[in-house]
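Each chain, letter by letter, is given below.
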Amino acid sequence: MTGYSRSLIGLATALAGLAGYVDALGFITLGGPFVSFMSGNMTQASVAFADGVWSTARVAGGIIVLFLLGIALGTVVTHFTERYSVRARKVTVLAVVAGLLSIGSVMSSLDVTPGAISAMALAMGAVNSVFQRDGEVTIGVTYMTGALVKMGQRLTGAFLGGPKWAWLQHFGMCAGLIAGAVVGALVHRWIGLHALWPASAFTVVLIAVAWQVSPPSPAKV
């Protein structure tokens, strides 16, 4: 997260919260597979394959494919917008994410659960294109293993004489995802998969935030 302003780190934390929220909805709806945590899906698909539980393997594998397609979509959007400005890239990618979550919300209202889950997985793949440098993701907002490792390293470094508070940024990302997942589970208990509508609305709010905090220049952040 080096080189990012506090405002952009705040945006990344909010996106981690969004990912946790959406992932909780998907996890509860599917009874196991995730829509943003692909390491879990890989393990689940592998175990299901070994046990011959083909239905579980197909669902987890299908979500992985959709997530990859979402990444491809985000990458294409980035390719055509980053030449203009960081602001254009971030706002456009988030607009795509908001559109996909809105499609998922409509699908949930029509009780087309597979369509809603597909839109969620695509959105979670695409959102990882918000933070990039030179074509590489610099802040993964849908998976926290890397953030947890870095937090542990920075925390240990603090005891060894390094910066005392460098671990807090990574802790914030993990806390954001956890908080989002808790809220997602609670809202799902209340209104079921219709809880996607608040996620769509929140993403629209984040578009406005990204417009305000992103540099208007072509700098790569």
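Structure's up top.
Only a predicted model underlies this, so the values are computations on that prediction, with no experimental measurement involved. (Residues numbered from 1 in each chain as written. Predicted model: local features only at pLDDT ≥ 70, side-chain atom pairs only at ≥ 80, totals over all residues. Heavy atoms only, no water.)

Colleague: Honestly, the overall build of the chain in this entry has me stumped. Any pointers?
Modeller: Helix and strand content of the chain: 8 helices and 2 strands. Over its C-alpha atoms the chain spans a radius of gyration of 17 Å, differing by no more than 12% from the 17 Å that the globule rule assigns to 221 residues. Principal-axis analysis of the C-alpha atoms places the extent of the chain at approximately 50 × 40 × 30 Å. The proportion of buried residues among the 221 residues of the chain is 43%. Contacts spanning at least 24 positions in sequence make up 73% of the contacts within the chain whose residues lie at least 6 apart. (Helix = DSSP H or I, 4+ residues; strand = E, 2+ residues; numbered from the N terminus. Rg over C-alpha atoms; globule rule 2.2 N^0.38 Å. Buried < 20%, exposed > 50% of the residue type's maximum accessible area, 1.4 Å probe, protein only. Contact = heavy atoms within 4.5 Å.)

Colleague: Can you walk me through unusual backbone geometry in this structure?
Modeller: Backbone geometry follows two general trends: most residues other than glycine have a negative phi, and most peptide bonds adopt the trans configuration. Within the chain, Asp111 stands out as a residue other than glycine whose phi angle is a positive 60°. Structurally, the position occupied by Asp111 is in the loop between α4 (86–109) and α5 (113–126).

Colleague: Help me understand the nonpolar core in this model?
Modeller: A general tendency of soluble globular proteins is for nonpolar side chains to be buried together. In this structure, Leu15, Val22, Leu101, Met120, Phe131 and Met173 are the most contacted members of the largest nonpolar core, which totals 49 residues. Every element with two or more residues in this core is listed here: α1 (6–30), α3 (54–81), α4, α5, α7 (167–191) and α8 (196–213). The dominant element in this core, judged by the number of residues it contributes, is α1, at 11 residues. Setting aside chain neighbours within four positions, we find Phe131 in contact with Tyr4, Leu8, Leu11, Ala12, Leu15, Arg89, Lys90, Glu136, Val137, Thr138, Ile139 and Val141. (Core = buried A, V, L, I, M, F, W, Y, C linked by side-chain atoms within 4.5 Å.)

Colleague: Sorry, what's going on with α8 here?
Modeller: Residues lying three or four places apart along an α-helix face the same way, a consequence of the helix completing one turn every 3.6 residues. Spanning 18 residues, α8 covers 25 Å between terminal C-alpha atoms, matching the ideal 26 Å at 1.5 Å per step. Tucked into the core, α8 has its buried residues touching α1, α4 and α5. (Expected span 1.5 Å × (residues − 1).)

Colleague: Can you walk me through the environment of Pro216 in this structure?
Modeller: For Pro216, the location among the structural elements is in the segment after α8. The spatial distance from the C-alpha of Pro216 to the C-alpha of Ser5 is 14 Å, given a sequence separation of 211 residues.

Colleague: Got a minute to help me understand the environment of Leu68 in this structure?
Modeller: Tracing the sequence through the fold places Leu68 in helix α3. For the pair Leu68 and Ala19, spaced 49 residues apart in the sequence, the C-alpha separation amounts to 16 Å.

Colleague: What should I look at first to understand α5 in this one?
Modeller: Relative to the 20 Å expected for 14 residues at 1.5 Å per residue, α5 spans 20 Å between its end C-alpha atoms, a close match to the ideal helical length. Turning to α5, its buried residues number three or more, namely Gly115, Ala116, Ile117, Ala119, Met120, Ala121, Ala123, Met124, Gly125 and Ala126. Contact partners of the buried residues in α5: α1, α3, α4 and α8.

Colleague: Is there a simple way to think about the packing of helix α6 (residues 145–159) against α7 in this case?
Modeller: Relative orientation and spacing of two packed helices are given, respectively, by the angle between their axes and the distance between those axes. Direction vectors running N to C along α6 and α7 enclose 150°, while the axes themselves pass 8 Å from each other. It follows that α6 is roughly antiparallel to α7 by the angle criterion. In this structure, α6 meets α7 at a crossing whose hand is left-handed. Between α6 and α7, the contacting residues are Ala147, Leu148, Lys150, Met151, Arg154 and Leu155 on the first element and Trp167, His170, Phe171, Met173 and Cys174 on the second. Its residues placed into classes, the contact of α6 with α7 shows 8 nonpolar, 1 polar and 2 charged. (Axes fitted to C-alpha atoms, helices over the stretch in contact; angles between N-to-C directions. Parallel < 35°, antiparallel > 145°, perpendicular 65-115°, else oblique. Left-handed = near helix turned anticlockwise from the far one by under 90°. Nonpolar A, V, L, I, M, F, W, Y, C, P; charged D, E, K, R; others polar.)

Colleague: Any chance you could explain a nonpolar patch on the surface here in plain terms?
Modeller: On the surface, a nonpolar cluster with roughly 360 Å² of combined accessible area is contributed by Val106, Leu110, Val112 and Trp197. Residue Val106 is classed as partly exposed on the basis of its relative accessible area of 40%. (Patch = residues over 30% accessible without salt bridge, like charges linked within 9 Å, V, L, I, M, F, W, Y side chains within 5 Å. Areas by Shrake-Rupley, 256 points an atom, 1.4 Å probe, with all protein chains shown as cover. Salt bridge = Lys/Arg side-chain N within 4 Å of Asp/Glu carboxyl O.)

Colleague: Can you help me understand the packing of aromatic side chains in this one?
Modeller: What characterises a pair of aromatic rings is the spacing of the ring centres plus the angle enclosed by the ring planes. Taken as a whole, this structure holds 5 aromatic pairs when the rule is applied. Consider the rings of Phe27 and Phe34, whose centres lie 5.2 Å apart with planes at 25°: the pair is stacked. With a centroid separation of 5.5 Å and 75° between ring planes, the pair formed by Phe49 and Trp54 is classed as edge-to-face. In this structure, Arg87 packs its charged tip against the face of Trp211, placed 4.6 Å from the ring centre. Here the basic side chain of Lys90 rests over the ring of Phe131, its NZ or CZ set 4.2 Å away from the ring centre. (Phe/Tyr/Trp six-rings, centres within 6.5 Å; stacked < 30°, edge-to-face > 60°. Lys NZ or Arg CZ within 6 Å of the ring centre and 35° of its normal.)

Treat this as a map of the structure, not an account of what it does.
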